[in-house]
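Given next are the chains, with one letter for each unit.
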Amino acid sequence: MADVARLAGVSHQTVSRVLNDHPNVRAETRTRVMRAIDQLGYRRNLVARALVTKHSRTLGVVSFDTTLYGPASTVYGIEQAARDAGYFVSIVSLRTIDRAGVNDAIGYLAEQGVDGIVVVAPQRSAARALDDLPAGMPAVAVEGWHQGEVSAVSVDQVEGARLAASHLLELGHETVWHISGPADWLEAEGRIEGWRAALTAAGRPIPGMLTGDWSPRSGYRAGKELAAMAGDVTAVFVANDQMALGLLRAFTEEGVKVPEQISIVGFDDIPESEFFSPPLTTIRQDFGAVGRRSIDVLLRQIESGEGLPHERLVVPPQFVLRGSTAAR
């Protein structure tokens, strides 16, 4: 920084003000300092800066299985929002989510001096680990409702499922079958709740539920079972688009026409959904909004420097109509 000051013909304090976007710097001086920075290839020493300010400008993120569309998109949204706010992100991706693993990841990030932590906690085991957060550590749970003293940001899974099931009922289907996600996932629980609520509110029978693991293969297996009941099954709400893809493949092999015989609604609106055959009616999750709101909540905690009331923010889902549903 002293080299930059000498080249620009200003004081060390002026260089610091320019780097910190202080308003009381003349435009000509700011331009001269930035030109010197570019000429010298100056980069701030973040470690030294952290020692002075007590802030690393780094946020920790704990996630897992980022090969899945939902977790991967959530982490991407968080990272983009953090960068927009001027923070770096340190990500720990776990092979499996359990309390010990999440605790180890949080401990590792705390040792690195992160200013706050976002935990993508879609499973109950991950949410319970938030009880063990270091005292005073700013933290936010994403995609997992935690009952303890931690702020949380989540898409309204219940409302998304209710929209999906209600759409199928409004098309004249007597009831709606459901292929759920894994039992320990909070998102799967929310989608089951919304599906059941829509059927109950309409006074319709609640059929047996099939369970998948989010993969197309599990949707394919469920599709083989449902194809054998094609006379009785006319509408299916699938808990994610990947399983809906497997379902469509099974129905095609068994000669079941979609949507002429069975209508299908998915969840997530993955980029490929509009290119399924037929294009998939689905529920879109705004992962960008989830990222922005989670970072906003975390930065409020960091900047406050003291305890704030814990927040519960809900991002609304969006219904996307395409060609996989039709009137009965």
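Refer to the structure printed above.
Residues numbered from 1 in each chain as written. Predicted model: local features only at pLDDT ≥ 70, side-chain atom pairs only at ≥ 80, totals over all residues. Heavy atoms only, no water.

(A) View of the nonpolar core. Residues Ile-179, Leu-226, Val-236, Phe-251 and Ile-264 are the most contacted members of the largest nonpolar core, which totals 48 residues. For this core, the element with the highest residue contribution is helix H11 (residues 241–253), accounting for five residues. Filtering out sequence-adjacent residues up to four positions away, Ile-179 remains in contact with Leu-210, Gly-212, Ala-222, Leu-226, Val-236, Phe-237, Val-238, Ala-239, Met-243 and Leu-247. (Core = buried A, V, L, I, M, F, W, Y, C linked by side-chain atoms within 4.5 Å. Buried < 20%, exposed > 50% of the residue type's maximum accessible area, 1.4 Å probe, protein only. Helix = DSSP H or I, 4+ residues; strand = E, 2+ residues; numbered from the N terminus. Contact = heavy atoms within 4.5 Å.)

(B) Representation of unusual backbone geometry in the model. Of the consecutive residues Val-258 and Pro-259, the connecting peptide bond is found in the cis state with omega at 10°. Assignment of secondary structure puts Pro-259 in the loop between H11 and strand E9 (263–265). Here the residue pair Ser-277 and Pro-278 is connected by a cis peptide bond, since its omega of 0° sits within 30 degrees of zero. Counting through the fold element by element, Pro-278 comes out in the loop between E9 and strand E10 (282–284). Positive phi, close to 120°, is recorded for Asp-268, a residue that is not glycine. With respect to the element layout, Asp-268 can be found in the loop between E9 and E10. Take Asp-268: its relative accessible area is 6%, and that puts it in the buried class. With a phi close to 60°, Asp-269 is a non-glycine residue in the positive phi region. For Asp-269, a relative accessible area of 11% gives the class buried.

(C) Seen up close, the packing of helix H10 (residues 216–227) against H11. Relative to each other, H10 and H11 sit at 40°, their axes nearing to 6 Å. Looking at the two axes, H10 sits oblique to H11. Two packed elements cross with a definite hand, and for H10 against H11 that hand is right-handed. For the pair H10 and H11, the contacting residues are Pro-216, Ser-218, Gly-219, Tyr-220, Ala-222, Gly-223, Lys-224, Leu-226 and Ala-227 in the first and Gln-242, Met-243, Gly-246, Leu-247, Arg-249, Ala-250, Phe-251 and Glu-253 in the second. Classifying every residue of the contact of H10 with H11 by side-chain character gives nine nonpolar, five polar and three charged. (Axes fitted to C-alpha atoms, helices over the stretch in contact; angles between N-to-C directions. Parallel < 35°, antiparallel > 145°, perpendicular 65-115°, else oblique. Left-handed = near helix turned anticlockwise from the far one by under 90°. Nonpolar A, V, L, I, M, F, W, Y, C, P; charged D, E, K, R; others polar.)

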